[in-house]
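Listed here are the chains, written in short residue letters.
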Amino acid sequence: MENFIEFRNVTKRFDDFVALDHVSLSIPRGSFVTLLGPSGCGKTTLLRQLAGFAEPEEGDILIEGRRMNGLPPYKRNTPLVFQEYALFPHMTVYENISYGLKLQKAPKEEMDRRVAEMLEMFNLTGLEKRFPKQLSGGQQQRVAFARALIMGQKILLLDEPLSNLDAKLRVEVRTELRQLQQRLQITAIYVTHDQDEALSMSDIIAVMRKGRIEQLGTPWDIYFRPVSRFVADFVGTVNFLPCVVEKKEGKSLTVRYHQQKLTFDTEVDLRPGERCTVVVRPECMTVRPEHAGEGQLVGEIQNYSFLGRYIRYWIRCNDQTLIVDDSNPGLTGAISGRVRLSLDLPKLHVLKDVGNAPD
Ligand SMILES: Nc1ncnc2c1ncn2[C@@H]1O[C@H](COP(=O)(O)OP(=O)(O)O)[C@@H](O)[C@H]1O
Ligand SMILES: [Mg+2]
């Protein structure tokens, strides 16, 4: 696929501190790419280099093969929407949305037409005479999107735009935003520290850590095939089973976890006798009372938390506590006492231990 937006070896320093460390990233046209990572890992800094609000010390930034370095923000056509909606408080919705057109001295009829399209698209029709403070948080955020896109831009940069909204509204707006991005074929770069947002909206996720991209992949890659403990842990809840390799034949790997052997396929290169870590998501294990007799591991329930659509169990197994989610809770209560655990073998993933110690 063609590289629409490209970061090549971008390095940004603040005095001695390296905020971006030789970041390279290629973004195909029309895709939704999310920069995901903990606070301070460099997400906003990377976005600001592309928008032109800051300049990297090293490296190039290209849009459609054109080098952007040194160009002011208004020449890049990369509108940025962030958490503080930054609407003009003394202007109406109409005036806010049409601001860019007005600067260009567009005729009144054209402004009316384009604003009406935006109002319709963002479900804001009828609100054009209101001021920002007379709108809900979700409506204000939609006005900010409309203002960003009224000039027909094909790139939209979003820096944690939903953080100020309550949980239910966030889910609503993120679904709308994704549909709109697909419909208008906009290339979106979205910054968040929220794994659900990243998984549910993105074509591609770049997991960032300390100014670098640690993993680039589809939501499925990132969730089921993390390259490190850091990624596995950041993107969801996870269990790490310390294991030793028994044998590897082609893709088929057999490891020993305490007394139990586990066999599954992997691309990871491992040698017999090598230590490794098997990564298991909580929903990739099934828990049954011990007398049911099936399952590779035996454990004892320590605690549980009933969440309606699933029960989360904490289960003592060997010398660790495993987290297991049962997505089909019984009508009257949780399981207790000694249990057996079945592992969904095709969903197991393995990490080499070398250079991958816990933080
Ligand atoms: N203007 C600045 N001056 C000094 N340090 C900065 C500046 N902007 C960001 N930083 C630092 O760079 C790191 C990355 O910041 P940022 O990109 O905002 O992180 P994120 O958006 O991932 O939370 C942080 O440690 C932050 O303190
Ligand atoms: Mg930030």
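Residues numbered from 1 in each chain as written. Chains lettered and ligands numbered in written order. Predicted model: local features only at pLDDT ≥ 70, side-chain atom pairs only at ≥ 80, totals over all residues.

Now for the overall build of the protein. Counting secondary structure elements, the protein contains nine helices and 20 strands. Considering the protein as a whole, with its 359 residues, one finds that 35% of them fall into the buried category. (Helix = DSSP H or I, 4+ residues; strand = E, 2+ residues; numbered from the N terminus. Buried ≥ 20, exposed ≤ 12 C-beta atoms within 10 Å, placed from the backbone.)

Turning our eyes to something else, we now look at the pairing of strand E13 (residues 260-265). Note on strand geometry: in a regular strand, side chains alternate between the two faces of the sheet. With six bridges joining them, strand E12 (residues 252-257) and E13 adopt antiparallel strand pairing. Along E13, the bridge assignment pairs tyrosine 257 with glutamine 260. Between E12 and E13, which pair antiparallel in sequence order, lie two residues; one of them, histidine 258, sits at a positive phi of approximately 50°. (Pairing = 2+ DSSP bridges.)

Turning next to the sheet that holds strand E8 (residues 187-192). The strand order across the open sheet formed by six strands is E6-E7-E8-E3-E9-E10, and the pairing between neighbours is mixed. On the outer flanks of this sheet lie strand E6 (80-82) and strand E10 (212-217), each paired with one strand and no other. Each strand of the sheet is rotated relative to its neighbour by a mean of 20°, with strand direction disregarded. Pairing between strand E7 (residues 155-159) and E8: five bridges, direction parallel. (Axes fitted to C-alpha atoms, helices over the stretch in contact; angles between N-to-C directions.)

In the vicinity of ligand 1, the contacting residues are Phe14, Ala19, Gly37, Ser39, Gly40, Cys41, Gly42, Lys43, Thr44 and Thr45. Counting residues per element, the shell around ligand 1 draws most heavily on helix H1 (residues 43-51), at three residues. Grouping the constituent residues of the shell around ligand 1 by class yields three nonpolar, six polar and one charged. (Near = placed C-beta within 6 Å. Nonpolar A, V, L, I, M, F, W, Y, C, P; charged D, E, K, R; others polar.)

Before going further, it helps to spend a moment on the domain arrangement of the protein. It is common to give the size of an interface as the accessible area that goes away when the parts come together. By the assigned domains, the protein splits into domain 1 (3-233) and domain 2 (237-352). For domain 1 and domain 2, the distance between their C-alpha centroids amounts to 38 Å. Facing seven residues of domain 1, the contacting portion of domain 2 comprises six residues. Per-element tally for the side of domain 1 that touches domain 2: the top contributor is helix H9 (residues 229-234), with three residues. Taken together, the residues of the side of domain 1 that touches domain 2 break down into three nonpolar, one polar and three charged. (Domains from an automatic or database assignment. Contact = placed C-beta atoms within 7 Å.)

Turning our eyes to something else, we now look at the nonpolar core. In this structure, Ala146, Ala206, Val207, Val278 and Leu341 are the most contacted members of the largest nonpolar core, which totals 85 residues. In terms of residue count, helix H5 (residues 137-149) provides more of this core than any other element does, six residues in total. Counting contributing residues per domain, this core is built from domain 1 (3-233) and domain 2 (237-352), each supplying no fewer than three. Those residues in contact with valine 278 that sit more than four places away from it in its chain are Leu241, Cys243, Val255, Tyr257, Leu262, Leu348 and Val350. (Core = buried A, V, L, I, M, F, W, Y, C linked by C-beta atoms within 7 Å.)

We now examine the sheet that holds strand E1 (residues 3-14). Here four strands make up an open sheet; going across it, the order is E2-E1-E4-E5 and the pairing antiparallel. Two strands lie at the open edges of the sheet, namely strand E2 (17-28) and strand E5 (66-67), each paired on one side alone. Here E1 pairs with E2 via eight bridges, running antiparallel. Counted as the bridge partner of lysine 12 is leucine 20 from E2.

Below, the discussion takes up the environment of arginine 338. By the secondary structure assignment, arginine 338 is in strand E19 (residues 338-343). Filtering out sequence-adjacent residues up to four positions away, arginine 338 remains in contact with Glu290, Val298 and Glu300.

Moving on, we come to unusual backbone geometry. Positive phi outside glycine occurs at lysine 210, with the angle close to 45°. With respect to the helices, strands and loops of the structure, lysine 210 is situated in the loop between strand E9 (204-209) and E10. The class for lysine 210 is partly exposed, based on 15 C-beta atoms found within 10 Å. Non-glycine residue asparagine 318 carries a positive phi angle of around 55°. Structurally, the position occupied by asparagine 318 is in the loop between strand E17 (311-317) and strand E18 (320-326). By C-beta crowding, asparagine 318 is classed as partly exposed, having 15 other C-beta atoms within 10 Å.

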